[in-house]
Amino acid sequence: MSDVTYTSSELLKWLWRDYLRKHMGLLMIAIVFMAVEGATMGALAKLMQPMFDQVFVAGQENALIWVGLVLVGIFVLRAIAGVTQKVLLTRIAQKSAADMRIDLLDRMMIQDGAFHQTHPPGFLVQRVQSDVNAIGAVWQAVITGTGRDFIGLIVLLGVAVSIDPVWALLACIGVPLMVMPAALAQRFVRARSREARDLGAHLSTRLDEVFHGIVQIKLNALERYQARQYRDLTRTYVRTEVRASFGNSALPGMIDIMSGVGFMAVILYGGSEIIDGEKTIGQFMTFFTAMGFTFNPLRRLGAISGLWQTAAAALERIKELMDAPVNLKSPEHPVPVPTAAPDIVLDGVSLSYGEAKVLDSLSLTATAGQTTALVGASGAGKSTIFNLLTRLIDPQQGSISIGGVELKDMEIADLRGLFSVVTQEALLFDETLRENIVLGRENVSDDELQKVLEAAHVADFLPKLEHGLETRVGPRGSALSGGQRQRVVIARALLRNTPILLLDEATSALDAQSEKVVQQALDRLSEGRTTLVIAHRLSTIRGADKIVVMDRGRVMDEGKHDELLAWGGIYADLYRLQFEDGKTVSDSRNVTALRALQPGLKPSEPNFFQRLGQRLFG
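Bear in mind the structure is a predicted one, so any value in this text is a computation, not a measurement.

Below, the discussion takes up the overall build of the protein. Per the secondary structure count, the protein includes 21 helices and ten strands. The proportion of buried residues among the 618 residues of the protein is 45%. Relative to all contacts within the protein whose residues are 6 or more apart in sequence, the contacts with residues 24 or more apart total 78%. Carbon and sulfur atoms make up 58% of the accessible area of the protein, which amounts to about 30,700 Å² in all.

In structure tokens form, the structure reads like this:
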């Protein structure tokens, strides 16, 4: 994260403008009830004077009745006002926090791929959940403090001043001594809270990685290592939270000391006036009660200062995400997208991540209604092309058009509506099978759904599921096998019925039987569509209309399977490496590792893959 900081006034203005102002009506009603609750403390303190002077000292029995009734009335009014304002403030705090959570999620979902590469899921979950929850709780405390406690404090001080201004001044004698320590404590709390927020995000990220990678952790016996990593991070987080808690507690503690000094000064000065008869016991008890009642509001207001610094640290991180620029935007006047299967043209496209060049002046054409396959070693730029076509990222140079229309001239939602995507990682949501296929569409008929279930071979395993289409598939589709998940994704793509199909190693993780079924479904899905296929298993693309061979971000060759074999070159070397002498290297990504194992061979040499295969298998 960057070191962007915002002042308290900037954060408060943002909160008021975007989240609290819409609840102005409820907020004003709550403040009225808070004022009533705060004022009852002043009324209770004022009641001490007749209670002592007229009842306990003078012994007036008629005063006993009305003093008792007024006392009960004060507590009843306080109870009603307290319940009402707490309910209203809880509603305001929860609705405001929910609005912020929704806005934050909306903002993060429109960010590009680069944003999500630098902001891991655990970090973002921490911001949306924990940080916003902490802020919601603080809002309620801050509003209560500035309403009930501040008003109550003013009323109580007014009662104290009405008894004796000098006593009131003496009671506040320690206030100037708090100014500098309080300012230092606030800065300390904010800094430690900022550290704790970032550490909490790292903890969430670590948990996200552990739970998603639990199989690899078990297979590689990494349980102790991961536990040690998490333990060390947790201990650092605990230390930081304890230090922040110390700063939060320091402010109320300083108020306690100030109050003690003030009370001592009043007793020393006022006690002599009572002994001399200049003040009555009732007056002293009223003053003492009023100042005693100020003790709790002062402590709560002091604690609110620390709470606000904690919230400000969380708000800074949230505001930073809200202010993060959105690099991928739709044009002001978008052009209509094609409706039929279109040509796809990339012309001189270049893209780099930092110093690493991913695509280097790449040009290729995918002909409308045909299947174009992209092959090459990992890092050649194949998946990057898919990301560019769907505008998850934009190129730094060159142009990309679909059906003769530049991508940047289309509405992003309309552009992505042209694509159906099936990847090797079949992403399903923890919902029912039906919901994973229709994805929120409400106008899908039973006949239409049944057709895609049969075409995608989902109907083959559907009877085996206990609740059929209403079966929940589990987190990330864990209740289904790999082949079943792929078929569900294909059914989803069939139902979308888009003119362009993107297949990214859609069968690479499947066994032979599942691959055959899924491949049949994919063949049916690609009919009549402009299809781009990424495949490391060259056997799956023999029938492609065109095969584009890529290396290091460039197109090295293109043609049909037989043509490329006859011409030799990279494709022929890849093919021989996979199939010669009955040996199969199922994933050309292994080439990188093989290079490291076979020194003396350079990738730039002619027939590199053929010579490598001979050395390995010959």
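Once you've had a look at it, read on.
What follows covers a positive patch on the surface. There is a patch of like positive charges on the surface, built from R228, R231, R235 and R239. With respect to the helices and strands, the residue R228 is situated in helix α10 (residues 223-275).

With respect to topology, six strands assemble into an open sheet ordered β6-β7-β8-β3-β9-β10, the strand pairing being mixed. The two strands at the open ends of the sheet, each matched to only one other strand, are β6 (419-423) and β10 (554-559). Here the average twist between neighbouring strands, direction ignored, is 20°. Strand direction decides the pairing type here: strand β3 (residues 371-375) and strand β8 (residues 530-534), joined by four bridges, are parallel. Looking at the pairing, T371 lines up with T531 of β8. Relative to the sheet, helix α12 (residues 382-389) contacts β3, β6, β7 (500-504), β8 and β9 (546-551), its axis offset from that of β8 by approximately 145°.

Right, let's get into helix α15 (residues 446-455). Buried residues of α15: L449, V452, L453 and A455, and no others. H457 sits one or two residues past α15 and shows a positive phi near 65°.

Taken together, W16, M24, M28 and I31 make up a surface patch of nonpolar side chains, about 320 Å² in accessible area. The element best represented in the nonpolar patch is helix α2 (residues 24-46), accounting for three residues. Positionally, W16 belongs in helix α1 (residues 8-20). Residue W16 is classed as partly exposed on the basis of its relative accessible area of 32%.

Taken in spatial order, the four strands make up an open sheet running β2-β1-β4-β5, and their pairing is antiparallel. Lying at the two open borders of the sheet, with one neighbouring strand each, are β2 (356-366) and β5 (405-406). Taken together, the seven bridges between strand β1 (residues 344-353) and β2 define a ladder with antiparallel strand orientation. Looking at the pairing, L346 lines up with L364 of β2.

Another aspect to go through is the packing of α15 against helix α16 (residues 482-496). Each packed pair of helices is defined by two parameters, the angle between the axes and the distance between the axes. Viewed as axis vectors pointing N to C, α15 and α16 meet at an angle of 135°, and their least axial separation amounts to 9 Å. Between α15 and α16, the angle is such that the two are oblique. With respect to the hand of their crossing, α15 and α16 are arranged in right-handed fashion. Here E448, V452 and A455 of α15 come into contact with α16, specifically with A491, L494 and L495. Taken together, the residues of the contact of α15 with α16 sort by class into five nonpolar, no polar and one charged.

Another point: the pairing of strand β4 (residues 397-402). Note that β1 and β4 share five bridges and pair antiparallel. Within β4, the position partnered with L346 by the bridge is I400. Following β4, the chain reverses through two residues before pairing antiparallel with β5; G403 in that reversal takes a positive phi of roughly 60°.

As a further point, take unusual backbone geometry. Even without a glycine there, the phi angle at S361 is positive, about 50°. Within the element layout of this structure, S361 appears in strand β2. Note on S361: relative accessible area 46%, which makes it partly exposed.

By secondary structure assignment, the location of V166 is in helix α7 (residues 165-171). Residues V166 and G270 lie 104 residues apart in sequence; the distance between their C-alpha atoms is 9.2 Å.

The rules behind the values
- Position numbers for residues count from 1 along each chain, tracking the sequence in the order it is written.
- A pLDDT threshold of at least 70 governs which residues receive local features in this predicted model, and a stricter bar of 80 or more applies before side-chain atom pairs are shown or counted, although totals over entire chains, interfaces and linings include all residues.
- Calculation of side-chain values draws on the structure's entire complement of heavy atoms; hydrogens and water are dropped beforehand.
- Comment: elements are numbered from the N terminus, with helices defined as DSSP H or I runs of at least four residues and strands as E runs of at least two.
- The cut-offs for exposure are 20% and 50% of the maximum accessible area for each residue type, with area from a 1.4 Å probe on protein chains only; residues under the lower value are buried, those over the upper are exposed, and the others partly exposed.
- Note on contacts: a residue pair qualifies if any of its non-hydrogen atoms lie within 4.5 Å across the two residues.
- Computed with a 1.4 Å probe, the accessible areas rest on the Shrake-Rupley method; for each residue, only the protein chains presented here act as cover.
- Like-charged residues within 9 Å of one another, or nonpolar side chains (Val, Leu, Ile, Met, Phe, Trp, Tyr) within 5 Å, are grouped into patches, provided each residue has over 30% relative accessible area and no salt bridge.
- Salt bridges, as used here, are contacts in which a Lys or Arg side-chain nitrogen is within 4 Å of a carboxyl oxygen on Asp or Glu.
- Charged residues are defined here as Lys and Arg on the positive side and Asp and Glu on the negative side; His and the ends of the chain fall outside this count.
- Lys charges are placed at NZ, Arg charges at CZ, Asp charges at CG and Glu charges at CD.
- Strand pairing is assigned whenever DSSP detects at least two bridges linking the two strands.
- Fitting a line to C-alpha atoms yields each axis, with helices limited to the stretch in contact; the angle taken between N-to-C directions then spans 0 to 180 degrees.
- Note on angle classes: values under 35 degrees are labelled roughly parallel, values over 145 roughly antiparallel, values of 65 to 115 roughly perpendicular, and the remainder oblique.
- The crossing is said to be left-handed when, going from far helix to near helix, the turn is anticlockwise and less than a right angle, and right-handed when the turn is clockwise.
- As a working rule, the residues Ala, Val, Leu, Ile, Met, Phe, Trp, Tyr, Cys and Pro are called nonpolar, Asp, Glu, Lys and Arg charged, and the rest polar, with Gly in that last group.

In short, geometric facts, not functional conclusions.
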